[in-house]
Amino acid sequence: MSSPLSAGNPLAPRSGRRPASAPPRPRPRRWGRKLLGAVLGLMALGGIGGAAILLVAWLRFAPDLPSVAGLLHYRPPVMTRVFAANGRVIDELATQRRVLVRFADIPVPLQNAFLAAEDQNYWNHPGVDPVAILRAAVWDMAHLGGGHRPLGASTITMQVAKNLLLRHRMTFVRKIEEAFLALRIDQSLSKQRLLEIYLNEIYLGNGAYGVAAAAQAYFGKPLAQLTIAEDASLAALPKAPHNYNPLQFPKAALVRRNWVIDRMADDRMISAAQASAAKAEPLLPAARPRTAPVAGAEWFAADVQRALLARFGTTATMEGGLTVATSLDPRLQTFATRAVRDGLMAYDQRMGGWRGPVARIAAADLPRWADALGRVSPPAGMLRDWRLGVVLPGGTPAAPRVGWLDPGTDGAADVARTGSLGLGGAVWHHPMSPAGAAQGAFAGLAQMVRPGDVVVLHPGDSPGNVAVLRQVPKVQGALVSLDPVSGRVLAMVGGWSWAASQFNRASQAQRQPGSSFKPMVYLTALEKGFAPSSRFLNAPIVVNLGPGGLWRPHNYEDNFGGPTSLRVALEQSMNLVTVRVARRIGMKAIARTAKAFGMVRSLPLVLPAALGAADTTVLDEAAAYASLDNGGRKVTPRLIDSVQDPEGHVVWRPAGLDCACADPAAPPLLTDMRAQIADPASVFQLVTMMEGVVTRGTGIPAGKGMNRPIAGKTGTTENFQDGWFAGFTPQLVTVVWVGFDTPSTLGWGQAGAVVAAPIWHQFMEAALKGRPALPFVPPPGVTMASWDSGSGMVSDAFKPGQVPGASGGPAPSEETGSAIAAAPGAGGGAPSGGATGVPTGPAGVDSTLGGLY
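The present account deals with the structure reproduced in this document. What you see is a predicted model, and the numbers here were worked out from it, not measured in a lab. (Residues numbered from 1 in each chain as written. Predicted model: local features only at pLDDT ≥ 70, side-chain atom pairs only at ≥ 80, totals over all residues. Heavy atoms only, no water.)

Points about the pattern of salt bridges
Okay, so step 1: Scanning the entire structure with this criterion turns up 24 salt bridges.
Okay, so step 2: Across the salt bridge formed by Lys 191 and Asp 186, the nearest N and O atoms sit 2.9 Å from each other. Grouping residues by exposure puts Lys 191 and Asp 186 together as buried.
Okay, so step 3: Arg 505 is the partner of Asp 741 in a salt bridge, and the nearest nitrogen-oxygen pair spans 2.8 Å. You can see Asp 741 sitting in the loop between strand 24 (733-739) and helix 23 (752-755) and its partner Arg 505 sitting in the loop between strand 13 (489-493) and helix 16 (518-527), a full 236 residues away along the chain.
Okay, so step 4: The class of Arg 505 is buried, set by a relative accessible area of 3%.
Okay, so step 5: A cluster of three or more residues bridged by salt bridges with shared partners is formed by Arg 567, Glu 571, Arg 696 and Asp 796. (Salt bridge = Lys/Arg side-chain N within 4 Å of Asp/Glu carboxyl O. Buried < 20%, exposed > 50% of the residue type's maximum accessible area, 1.4 Å probe, protein only. Helix = DSSP H or I, 4+ residues; strand = E, 2+ residues; numbered from the N terminus.)

Right, here's the structure in full:
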């Protein structure tokens with residue numbers, strides 16, 4: 001109960017309150033609530049403001065954004081791959097080197113490596129990763145002004161938007177567009193499809209687009225064979241493909257690779273043990289060469305490319321992802337390359353002569369010869385396993401001391417080697433005189449080199465560390481080998497070295513075939529009813545060329561004889577008999593035969609053309625001889641077996657042969673729809689006569705020791721400018737040419753049998769090793785019979801009504817097809833002989849048109 005004093009005194013304590021002497025009670029902390037409310041209010045305002053900004057940005061940029069519809073049917077430029085017959089890649093044609101792979105074929109560890117490096121939250125975010133954006137913003141603000149590169153926050157979806165739909169330079173506006181597009185893309189495509197597009201599209205350096213091409217470029221492997229460390233190496237590249245290229249910057253690439261491995265471990269994509277093992281794995285990428293991996297196949301591959309461009313156009317060829325199966329046999333191609341190079345080197349040593357050193361190193365620099373040699377450029381055409389070497393003081397006159405540099409392994413410096421210089425059993429001749437005759441051999445190396453000379457050598461595997469002296473030949477050669485039934489080109493050599501010259505002398509060089517054209521003349525005669533034993537006069541003849549004057553052909557040996565059979569005339573390549581045969585049957589008929597067989601595209605209707613005074617290519621001549629080997633059925637050479645689109649559908653294959661192969665239980669049935677361009681009986685007669693060329697005639701060097709049926713013909717042109725040998729067995733047709741790019745003499749006596757036949761022999765002996773010796777099968781209606789040719793007993797094929805050994809033939813044709821007439825008294829071409837009165841021609845009579853031998 002309160003007292004009156006307390007009731008009237010305002011200072012007196014009120015009921016329920018503490019006395020004044022009690023400690024003060026703390027006030028409630030209302031400022032905390034106010035701060036929290038303010039923060040929440042600001043966040044709400046920020047959210048509203050951000051939403052408003054996003055809405056404005058969306059309204060501003062969304063209408064102008066490109067459509068994502070193109071991604072629904074994504075078809076990037078994909079390289080066309082060209083394969084040999086055994087499945088080896090021989091060429092890749094591309095504006096962007098890319099191999100398209102499906103998502104199901106991309107290994108999960110490789111996917112994880114890229115996600116760990118580029119987009120950890122890929123499977124969960126809607127195209128834009130807010131967490132990554134916030135993390136990047138905080139990092140960038142913390143390092144503001146420090147000269148650091150801003151931390152990126154682009155997702156894989158945003159990278160796809162940037163690379164495929166937005167091509168302008170990086171700006172703030174473009175980043176906004178990326179984000180909006182990424183949201184659209186994420187709604188339009190599945191995550192799997194989007195990751196497939198990204199891993200196929202991204203550029204990974206070294207000319208490789210997409211992971212499949214990069215795996216081949218850096219490691220020479222398909223995706224399925226990559227290790228975790230190699231997966232991480234590829235995933236390290238998108239950030240900076242050049243700076244992290246393991247071939248150019250291995251240290252930086254190793255650091256970045258290990259960082260990716262750590263990220264994979266942190267995200268539990270791999271175990272700690274797997275991460276440790278992967279990081280312990282050396283980098284050591286093995287770059288796959290982009291040149292044709294089959295030695296010497298570059299000319300073949302270039303012809304395939306030309307054929308594809310002509311048929312499909314540039315876009316489909318270079319960007320269409322075609323799969324091209326070709327006829328090239330890598331084994332035969334290796335044999336062909338070696339045979340041509342061996343033959344050209346043999347000629348160069350025999351006739352070209354030693355032309356001196358590549359360069360000179362001063363005597364003062366010889367103590368540091370390795371440095372000086374490293375500054376010398378190799379000559380064009382130097383082979384890959386050859387080296388530049390310098391002759392050093394010391395050694396002996398017969399075996400000078402020489403030093404060379406071997407390439408270091410794994411990017412290491414070149415290694416200096418020394419040894420002795422030898423000739424490898426070769427005999428080098430002095431250069432030819434203007435007349436073309438060799439001046440004799442060098443006595444030894446002492447006459448050829450001296451200290452300081454820089455020469456080309458082949459270290460090889462010779463005992464005693466002996467390096468063999470080499471020289472890049474000036475002479476060129478070409479070889480084509482094909483299947484006589486299908487026309488598939490199995491090997492093609494277009495010259496000495498692709499690196500020195502990309503001109504294909506097998507398919508592009510137009511050269512005169514010389515006497516290798518003569519089978520076209522003799523086949524025409526056989527089809528007109530002449531027999532192998534039909535005789536024509538082997539005697540001098542002068543032909544009136546009209547305004548061109550007189551032409552006086554001659555035989556290679558300048559010899560003459562009486563009536564000579566077609567068989568012997570072809571074996572010995574007699575020009576005088578061939579001219580008389582051509583006059584008798586007519587040049588128009590010969591031209592029809594030669595063009596039907598594809599030997600020439602056009603033939604002048606003049607008698608010198610019967611001796612090969614017309615242009616052809618090695619490939620065309622091989623096709624013509626293949627048609628002979630195929631019984632007179634047209635053979636068109638083909639390099640491409642089939643072309644498939646990226647989905648595996650065959651879009652093209654050559655016509656001519658059709659296979660009924662649908663029933664696996666039945667043997668394949670081939671239907672040959674190609675034209676029969678000559679009488680099979682006449683063709684077989686010619687083939688039998690051409691066997692005599694190899695066993696008894698000018699082609700003996702080609703078949704020596706092979707012990708199998710071979711038909712062929714030598715060819716040598718005016719002044720020994722071109723040397724040919726064309727020949728075949730029932731399994732294989734091969735044609736070889738040797739000559740200079742600018743026509744000039746190979747030297748006196750350097751006929752086709754000398755320069756081309758040994759190359760043919762070396763190749764065919766290797767190519768046919770282990771294969772059965774098959775005979776040429778006669779067609780119905782011919783009879784094999786022996787007869788005395790005048791130079792021994794021979795066996796030939798005769799048609800019904802033809803008497804073996806008898807001379808005869810049809811009546812002279814009125815269709816000569818040529819304006820050329822024999823000079824008065826020059827004699828005709830009667831099968832049984834005739835007058836040989838040959839007038840003495842005036843000065844200037846041309847005695848050298850056409851082939852020689």
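A few points about the packing of aromatic side chains
The geometry of an aromatic ring pair is captured by the separation of the ring centres together with the interplanar angle, meaning the angle of the planes.
Okay, so step 1: On inspection of all chains with the given rule, the structure shows 14 aromatic pairs.
Okay, so step 2: Considering the side-chain rings of Phe 114 and Tyr 198, the 6.4 Å spacing of their centres and the 80 degrees angle between planes classify their relative orientation as edge-to-face. Of this pair, Phe 114 sits in helix 4 (residues 108-118) while Tyr 198 sits in helix 8 (residues 191-201); the two residues are 84 residues apart in sequence, bridging distant segments of the chain.
Okay, so step 3: You can call Phe 114 buried: its relative accessible area is 0%.
Okay, so step 4: The rings of Tyr 556, Phe 720 and Trp 748 are connected pair by pair, giving a single aromatic cluster.
Okay, so step 5: Its guanidinium or amino end placed over the ring of Tyr 122, Lys 191 lies 4.6 Å from that ring's centre, counting from NZ or CZ.
Okay, so step 6: Positioned above the aromatic ring of Tyr 244, the side-chain terminus of Arg 256 is 5.6 Å from the ring centre. (Phe/Tyr/Trp six-rings, centres within 6.5 Å; stacked < 30°, edge-to-face > 60°. Lys NZ or Arg CZ within 6 Å of the ring centre and 35° of its normal.)

Here we look at the pairing of strand 2 (residues 89-93)
Okay, so step 1: Counting buried positions over the five residues of strand 2 gives five, a clear majority of the element.
Okay, so step 2: Note: strand 1 (residues 80-83) against strand 2, four bridges, orientation antiparallel. Among the inter-strand pairings, Thr 80 is bridged to a residue of strand 2, identified as Leu 93.
Okay, so step 3: Adjacent in sequence and paired antiparallel, strand 1 and strand 2 are bridged by five residues, among which Gly 87 carries a positive phi angle near 90 degrees. (Pairing = 2+ DSSP bridges.)

Considering the pairing of strand 5 (residues 323-326)
Okay, so step 1: Residue alternation in strand 5 divides its side chains into a buried set, Val 324 and Thr 326, and an unburied set, Thr 323 and Ala 325.
Okay, so step 2: Here three bridges tie strand 1 to strand 5, and the two strands are oriented parallel to one another. When the bridges of strand 5 are listed, Arg 81 appears paired with Thr 323.
Okay, so step 3: Pairing of strand 5 with strand 18 (residues 640-644), which is carried by four bridges, proceeds in the antiparallel orientation. The partner of Val 324 across the bridge, within strand 18, is Val 643.

A short note on the packing of helix 9 (residues 211-219) against helix 10 (residues 228-235)
Okay, so step 1: In contact at an axis separation of 11 Å, helix 9 and helix 10 are set at 110 degrees when each is read in the N-to-C sense. Taken together, helix 9 and helix 10 sit at an angle that is classed as roughly perpendicular. The element helix 9 and its partner helix 10 pack so that their crossing is right-handed. Taking contact as the criterion, the partners of Val 211, Ala 214, Ala 215, Tyr 218 and Phe 219 in helix 9 are, on helix 10, Glu 230, Ser 233 and Leu 234.
Okay, so step 2: Per-class residue counts for the contact of helix 9 with helix 10 are six nonpolar, one polar and one charged. (Axes fitted to C-alpha atoms, helices over the stretch in contact; angles between N-to-C directions. Parallel < 35°, antiparallel > 145°, perpendicular 65-115°, else oblique. Left-handed = near helix turned anticlockwise from the far one by under 90°. Contact = heavy atoms within 4.5 Å. Nonpolar A, V, L, I, M, F, W, Y, C, P; charged D, E, K, R; others polar.)

Considering the environment of Met 351
Okay, so step 1: Counting through the fold element by element, Met 351 comes out in helix 14 (residues 330-352).
Okay, so step 2: Taking relative accessible area as the criterion, Met 351 reaches 7% and is therefore assigned buried.
Okay, so step 3: Taking the C-alpha atoms as reference, Met 351 lies 9.1 Å from Gln 750; in sequence the two are 399 residues apart.

Observations regarding the packing of helix 16 against helix 18 (residues 575-585)
Okay, so step 1: The contact between helix 16 and helix 18 brings their axes to 10 Å, and the two run at 45 degrees. The orientation of helix 16 with respect to helix 18, classified from their angle, is oblique. In this structure, the crossing between helix 16 and helix 18 has a hand that is left-handed. Seen from helix 16, the contacting residues are Lys 518, Val 521, Tyr 522, Thr 524 and Ala 525; seen from helix 18, they are Asn 575, Val 577, Thr 578, Val 581, Ala 582 and Ile 585.
Okay, so step 2: Residue composition of the contact of helix 16 with helix 18, by class: seven nonpolar, three polar and one charged.

Details of the side chain of Glu 92
Okay, so step 1: Here Glu 92 lies in strand 2.
Okay, so step 2: Judged by relative accessible area, Glu 92 falls into the buried class, the value being 8%.
Okay, so step 3: Polar contacts involving the side chain of Glu 92 include one to the side chain of Arg 81, which spans 3.3 Å.
Okay, so step 4: A polar side-chain atom of Glu 92 sits 2.6 Å from a polar atom in the side chain of Arg 97. (Polar contact = N/O pair within 3.5 Å; in protein donor to acceptor, adjacent residues only side chain to side chain.)

Things to note about the sheet that holds strand 1
Okay, so step 1: An order of 2-1-5-18-19 is seen for the five strands of this open sheet, with the pairing classed as mixed. Of all the strands in the sheet, the pair left with one neighbour each is strand 2 and strand 19 (650-652). Across this sheet, the average inter-strand angle for adjacent strands is 25 degrees, counted without regard to direction.
Okay, so step 2: Here helix 13 (residues 298-319) sits on the sheet and contacts strand 1, strand 2, strand 5, strand 18 and strand 19; the angle it forms with strand 2, its principal contact strand, is near 35 degrees.

Things to note about helix 13
Okay, so step 1: Given a rise of 1.5 Å per residue, 22 residues ought to cover 32 Å, yet the end C-alpha atoms of helix 13 are separated by just 20 Å, more than 12% below that figure.
Okay, so step 2: If you look at helix 13, its biggest bend is around 120 degrees, right at Gly 313.
Okay, so step 3: Here helix 13 has its buried residues at Glu 298, Trp 299, Phe 300, Ala 301, Ala 302, Asp 303, Val 304, Leu 308, Thr 317 and Met 318.
Okay, so step 4: Looking at the buried positions of helix 13, the neighbouring elements they touch are strand 1, strand 2, strand 5, strand 13 and strand 18.
Okay, so step 5: Phi for Gly 321, located one or two positions after helix 13, is positive at around 65 degrees. (Expected span 1.5 Å × (residues − 1). Bend = angle between axes of the 7 residues up to and from the residue.)

Regarding the nonpolar core
Note on soluble globular proteins: their nonpolar side chains tend to be buried together.
Okay, so step 1: Within the largest apolar cluster, 85 residues are counted, with the highest numbers of intra-cluster contacts made by Val 480, Phe 517, Tyr 522, Leu 603, Leu 628 and Phe 728.
Okay, so step 2: Top element by residues in this core is helix 21 (residues 680-696). It accounts for eight residues.
Okay, so step 3: Apart from the residues within four sequence positions on either side, Val 480 is in contact with Val 489, Ala 491, Met 492, Ala 506, Val 618, Leu 619, Ala 622, Val 733, Thr 734 and Val 735.
Okay, so step 4: In this structure, Ile 156, Tyr 198, Leu 199 and Leu 204 belong to the second largest nonpolar core, which totals 52 residues. (Core = buried A, V, L, I, M, F, W, Y, C linked by side-chain atoms within 4.5 Å.)

Quick look at the side chain of Ser 497
Okay, so step 1: Relative to the helices and strands, Ser 497 resides in the loop between strand 13 and helix 16.
Okay, so step 2: Given a relative accessible area of 8%, Ser 497 falls into the buried group.
Okay, so step 3: Separated by 3.3 Å, the side chain of Ser 497 and the backbone nitrogen of Ala 499 make a polar contact.

Description of the sheet that holds strand 23 (residues 722-728)
Okay, so step 1: Pairing within the open sheet is antiparallel, and its five strands lie in the order 13-12-24-23-22. Where the open sheet ends on each side, the last strands, each with one partner, are strand 13 and strand 22 (711-716). Along the sheet, successive strands turn relative to each other by an average axial angle of 5 degrees, direction set aside.
Okay, so step 2: The pairing of strand 23 with strand 24 spans seven bridges and is classified as antiparallel. By the bridge assignment for strand 24, Gly 727 is matched with Thr 734.

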